[in-house]
Amino acid sequence: MLGGGLALVLGAIGFLAVFAYLAARFNYPEVLDGSAEDVLPALLATGNAGRAAWAFYAILPLIWLPAGVGAFEALSDRARGPMRLALLFALLAAVSMMLGLMRWPSVHWELARAWVSSAPTDRAVIAAIFDGLNRYLGNFIGEFLGELSFSLFFILAGIGLLRRPDTRQWFGWSGIATGALGMIGMWRNVTPAVSLVAQVNNYLLPLWMLVFGGWLIWLARARA
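In this text, all values refer to a predicted model and were calculated from it rather than measured experimentally.

Quick look at the nonpolar core now. Among soluble globular proteins, nonpolar side chains are generally buried collectively. The biggest cluster of nonpolar side chains holds 58 residues, and the ones touching the most others in it are W54, Y57, W64, F153, M209, F212 and W215. For this core, the elements supplying multiple residues, two or more each, are α1 (2-26), α2 (36-45), α3 (47-59), α4 (64-75), α5 (80-101), α6 (104-115), α7 (120-162) and α9 (195-223). Ranked by residues supplied to this core, first place goes to α7 with 11 residues. F153 has contacts with W64, A67, G68, A71, A86, F89, A90 and F212, leaving out every residue within four places of it along the chain.

This is the structure in structure tokens:
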């Protein structure tokens, strides 16, 4: 539980830090909708520091593994079924989000290096590869499947919290609400109607990670 709580707290801080850095250096997340001719040179211009930031961002989803185990240990006594499922969704969130983010310091980085020295005809091929990777690894795997998975993890954890007689009801419902908003916001690439929800969830997600992580740390110390 202690490791899971620390993972959530440090993960939330890490996500906010790297998000702020990439927003300042790379116009993130707006750059995700850009074309290859704009994005690839900008990516290369961030240099080794930018590549390192993306690499750090790509391994951050590993925090869902100890978080899933910690939540299971804390809540499985009264919600064994839901928490078993939550543990699986935490694993799926870690894998899918890592797959989506790892394209930036690896394949996209090599595409950016090739772009600057390629002829116009070759650039059309590079742009097609870039767009395809963004749609498959970025939109479908990383964002859609990843966000679906950790949203379901939060909903199931919220259900587990509601079943604890010593936990206030608002705490469990907060986890469920965070997960529900995440499941709405993940459709932002399909319709702009949910863009506001997605923006709100960008702040609500790390907040809930801090709160839930802090609770896991408190519970671990209380049981020690």
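Now for the side chain of R164. Within the secondary structure, R164 sits in the loop between α7 and α8 (169-185). Among the polar contacts listed, one links the side chain of R164 to the side chain of T167, at a separation of 3.2 Å. Ignoring sequence-local partners within four residues, the contact set of R164 consists of A74, L75, D77, R78, W215, L219 and R223.

With 22 residues, α5 ought to run about 32 Å at 1.5 Å a step, and its terminal C-alpha atoms sit 32 Å apart, in line with that. Within α5, the full set of buried residues consists of P82, M83, A86, F89, A90, A93, A94, S96, M97, M98, G100 and L101.

All right, on to unusual backbone geometry then. Residue P29 is reached from Y28 by a cis peptide bond, and omega for that bond is 10°. As for its position among the elements, P29 is in the loop between α1 and α2. Even without being a glycine, N27 presents a positive backbone phi close to 55°. Relative to the assigned elements, N27 resides in the loop between α1 and α2.

The terminal C-alpha atoms of α7, which comprises 43 residues, lie 59 Å apart, in line with the 63 Å expected from a rise of 1.5 Å per residue. Along α7, the sharpest kink reaches roughly 30°, centred on G138.

Now for the packing of α1 against α3. Each packed pair of helices is defined by two parameters, the angle between the axes and the distance between the axes. Where α1 contacts α3, the axes come no closer than 10 Å and their chain directions differ by 145°. The interaxial crossing formed by α1 with α3 has left-handed handedness. Only A49, G50, A53, W54, F56 and Y57 of α3 make contact with α1, whose side of the interface consists of G14, F15, V18, F19, Y21, L22 and F26. Residues that form the contact of α1 with α3 fall into these classes: 11 nonpolar, two polar and no charged.

Here we come to the pattern of salt bridges. Taken as a whole and judged by the stated rule, the model has five salt bridges. Where E110 meets R51, a salt bridge forms, and the shortest distance between an N and an O atom there is 3.9 Å. On the criterion of sequence distance, the pair formed by E110 in helix α6 and R51 in helix α3 is long-range, its members being 59 residues apart. Under the relative-accessibility criterion, R51 is labelled partly exposed at 30%.

Analysis parameters
Residues numbered from 1 in each chain as written. Predicted model: local features only at pLDDT ≥ 70, side-chain atom pairs only at ≥ 80, totals over all residues. Heavy atoms only, no water. Core = buried A, V, L, I, M, F, W, Y, C linked by side-chain atoms within 4.5 Å. Buried < 20%, exposed > 50% of the residue type's maximum accessible area, 1.4 Å probe, protein only. Helix = DSSP H or I, 4+ residues; strand = E, 2+ residues; numbered from the N terminus. Contact = heavy atoms within 4.5 Å. Polar contact = N/O pair within 3.5 Å; in protein donor to acceptor, adjacent residues only side chain to side chain. Expected span 1.5 Å × (residues − 1). Bend = angle between axes of the 7 residues up to and from the residue. Axes fitted to C-alpha atoms, helices over the stretch in contact; angles between N-to-C directions. Left-handed = near helix turned anticlockwise from the far one by under 90°. Nonpolar A, V, L, I, M, F, W, Y, C, P; charged D, E, K, R; others polar. Salt bridge = Lys/Arg side-chain N within 4 Å of Asp/Glu carboxyl O.

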